[in-house]
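If you want the building blocks of each chain, they are given just below.
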Amino acid sequence: MNETFYSNGKLLITGEYLVLDGAKAFALPTKFGQYLDIAKGSNEQIHWRSRDSDTSIWFEETISFSEIITSEEDASNESVKQTLIRILKQAYLINPDFLLNSEGYEIETRLTFPKFWGLGTSSTLINNIAQWLKIDAFLLLKYSFGGSGYDIACAKNDSPILYQLIAGKPKIEKILFEPEYSNDLYFVYLNKKQSSKKAIASYYNKKSNTVSRITEISSITEATRLAKNRTAFETILREHENVMSEILGLKTIQQEFFADFDGFVKSLGAWGGDFVLVVSDYNPKEYFKEKGYDTLIPYSEMIL
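Our subject in this report is the structure included herewith. (Residues numbered from 1 in each chain as written. Predicted model: local features only at pLDDT ≥ 70, side-chain atom pairs only at ≥ 80, totals over all residues. Heavy atoms only, no water.)

### Here's the deal with the overall build of the chain
Applied cut-off: Helix and strand definitions follow DSSP, with helices as H or I runs of at least four residues and strands as E runs of at least two, each counted in order from the N terminus. The quantity called the radius of gyration is restricted to C-alpha atoms. Its globule counterpart is 2.2 Å times the number of residues to the power 0.38. By the convention used here, residues are in contact when the closest approach between their heavy atoms is within 4.5 Å. Positive charges are assigned to Lys and Arg, negative charges to Asp and Glu, while His and the chain termini are left out of the count. Throughout, a charge is located at the NZ atom of Lys, the CZ atom of Arg, the CG atom of Asp or the CD atom of Glu.
A tally of regular secondary structure across the chain gives twelve helices and eleven strands. Expected size for 304 residues packed as a compact globule is a radius of gyration near 19 Å; at 20 Å, the chain falls within 12% of this value. Dimensions of the chain, computed from the C-alpha atoms along their principal axes, are close to 60 × 40 × 35 Å. Taking all contacts inside the chain whose residues are at least 6 apart in sequence as the whole, residues at least 24 apart take part in 69%. The positive charge centre, built from 33 side chains, and the negative charge centre, built from 40, are 3 Å apart in the chain.

### Observations concerning helix 2 (residues 80-94)
Side chains that are three or four residues apart share a direction in an α-helix, a result of its 3.6 residues per turn. The cut-off we apply is this: A helix is expected to span 1.5 Å for every residue after the first. Accessible area is worked out with a 1.4 Å probe on protein chains only. A residue is then buried under 20% of its type maximum, exposed over 50%, and partly exposed in between.
Along its 15 residues, helix 2 runs 21 Å from first to last C-alpha, staying within 8% of the 21 Å computed at 1.5 Å per residue. Looking at helix 2, one finds that the buried residues are Thr83, Leu84, Ile85, Arg86, Ile87, Leu88, Lys89, Gln90, Ala91 and Tyr92.

### Looking at the packing of helix 4 (residues 121-133) against helix 5 (residues 137-144)
Filter applied, for reference: Axis definition: a line fit to C-alpha positions, over the contact stretch in the case of helices; interaxial angles, taken between N-to-C directions, run 0 to 180 degrees. Here roughly perpendicular refers to angles of 65 to 115 degrees, roughly parallel to angles under 35, roughly antiparallel to angles over 145, and oblique to all remaining angles. Rotating anticlockwise by less than a right angle from the far helix to the near helix defines a left-handed crossing, while the corresponding clockwise rotation defines a right-handed one. When residues are sorted by character, Ala, Val, Leu, Ile, Met, Phe, Trp, Tyr, Cys and Pro go into the nonpolar class, Asp, Glu, Lys and Arg into the charged class, and all the rest, Gly among them, into the polar class.
Relative orientation of the contacting elements helix 4 and helix 5 amounts to 130°, with a least axis distance of 9 Å. One way to sum up the angle between helix 4 and helix 5 is to call them oblique. The interaxial crossing formed by helix 4 with helix 5 has right-handed handedness. Touching Ile126, Asn127, Ile129 and Ala130 of helix 4 are Ala137, Leu140, Leu141 and Ser144, all from helix 5. Its residues placed into classes, the contact of helix 4 with helix 5 shows six nonpolar, two polar and no charged.

### Regarding the pairing of strand 8 (residues 185-189)
Our working definition: Strands pair, by our definition, only if DSSP identifies at least two bridges between them.
Counting buried residues in strand 8 gives five out of five residues, a clear majority hidden from the surface. Here five bridges tie strand 8 to strand 10 (residues 275-279), and the two strands are oriented antiparallel to one another. Bridge pairing links tyrosine 186 to valine 278 in strand 10. Relative to strand 11 (residues 296-298), strand 8 is paired through three bridges, and the arrangement is antiparallel. Bridged to valine 188 within strand 11 is leucine 296.

### Things to note about helix 5
As a reminder of what qualifies: Throughout, the arc means that of the directions going from the helix axis to the C-beta atoms. Polar contacts, as counted here, are pairs of nitrogen or oxygen atoms within 3.5 Å of one another; within protein the pair requires one atom able to donate a hydrogen and one able to accept it, and residues that are adjacent in sequence qualify only if both atoms are side-chain atoms.
Taken residue by residue, helix 5 has Ala137, Phe138, Leu140, Leu141 and Ser144 as its buried positions. Down the axis of helix 5, the buried set is contained in an arc of 160°. They therefore lie on one face. Those residues of helix 5 that are buried are in contact with helix 2, helix 4, helix 6 (150-156), strand 6 (161-166) and strand 7 (169-174). Its side-chain oxygen at 2.8 Å from the backbone nitrogen of phenylalanine 138, aspartate 136 defines the N-terminal cap of helix 5.

### Things to note about the pattern of salt bridges
Condition: A side-chain nitrogen of Lys or Arg and a carboxyl oxygen of Asp or Glu constitute a salt bridge if their distance falls within 4 Å.
As enumerated under the stated definition, the model contains 16 salt bridges in all. When the shortest N-O distance is used, the salt bridge between lysine 266 and glutamate 16 registers 3.1 Å. Of this pair, lysine 266 sits in strand 9 (residues 264-267) while glutamate 16 sits in the loop between strand 1 (3-14) and strand 2 (25-40), placing them 250 residues apart in sequence. Considered together, lysine 266 and glutamate 16 belong to a single accessibility category, that of buried residues. Taking the shortest distance from any N to any O, the salt bridge between arginine 110 and aspartate 37 comes out at 2.7 Å.

### Remarks on the sheet that holds strand 9
Hydrogen bonds between backbone atoms are what pair the strands of a sheet, whose relative direction is either parallel or antiparallel. Pairing is antiparallel across the open sheet formed by four strands, whose spatial order is 9-10-8-11. Each of the sheet's edge strands pairs with one partner strand only, and the pair in question is strand 9 and strand 11. Mean inter-strand twist for the sheet, computed between neighbouring axes without regard to direction, equals 30°. Sitting on the sheet, helix 9 (residues 230-248) is in contact with strand 8, strand 9 and strand 10, with an inclination near 45° to strand 9.

### Some thoughts on the packing of aromatic side chains
Note the threshold: For this analysis, a ring pair means two rings from Phe, Tyr or Trp (six-membered ring only for Trp) whose centres lie within 6.5 Å, classed as stacked if their planes differ by under 30 degrees, edge-to-face if by over 60, and tilted for the remaining angles.
The tally for this structure, following the rule as stated, stands at 23 aromatic pairs. When the ring of phenylalanine 261 is compared with that of phenylalanine 288, the centres are 5.3 Å apart and the planes differ by 50°; the resulting orientation is tilted. One end of the pair, phenylalanine 261, is in the loop between helix 10 (253-257) and strand 9; the other, phenylalanine 288, is in helix 11 (residues 285-290), with 27 residues separating them in the sequence. Of the two residues, phenylalanine 261 and phenylalanine 288, both sit in the buried class. Clustering of aromatic rings is evident, with ring pairs tying together Phe257, Phe258, Phe261, Tyr282, Tyr287, Phe288 and Tyr293.

So yeah, pure geometry; function would need other evidence.
What follows is the structure in structure tokens.
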């Protein structure tokens, strides 16, 4: 009965926040992701173990089937255990057979990236569970975590994508993105994990009328993936940063932290955390190391 599933991590290049309201977004699946191993258990329990990329166990718990079946929604409880139970409860409501017709499970997750990197610990888990139980991952996301679903689309696809919610339904377009300037692209980790839930809540509290901006961001997304050279790519993304800066009422990440950098730095996903995209005609490792940011990954090592 042993089974193993895998899902890709993700990086959102354009469309952050506005993708929730129907803007077209450009996203890239990463070479990093998460495995889910399933084995037979007993006693109508799930023994769950989660390993980080260094194989250390960061979460371990035994959860009874009855805990899952009888659990009630408690948004105030964001512990790892309760979050996992919330996901499994929604999976049970979609496909009850996995609990009703089982003796138990031994389950292990294995990340291939450090869990604090923000490449999709939750989305890869949700997509892996959906693969295991043969249910709709977007539906499972909707009723457990919420969000646009672009991260689920990346988990499922091994190529760059354009992603858009149309009447609440995901539209995914696989695209070719093999820029000649990829050697000038880097990803830098900002040393702090950003909460997607909190970032989304903050966006809805701050945003003004964004209807016209949705069209604008969608146009920028199309232009980004068609950029013929590094200069055009950088110019388009600068425009994107300026639009988002106005909407969120925040300085761009470059204005805030890297104003003296000879190149371009763009926020990715939730502003102020996780990774940034760096466009530079030289390897900027030393610059960012001096600023206290030691994790710099070239495009070719990060993106599928």
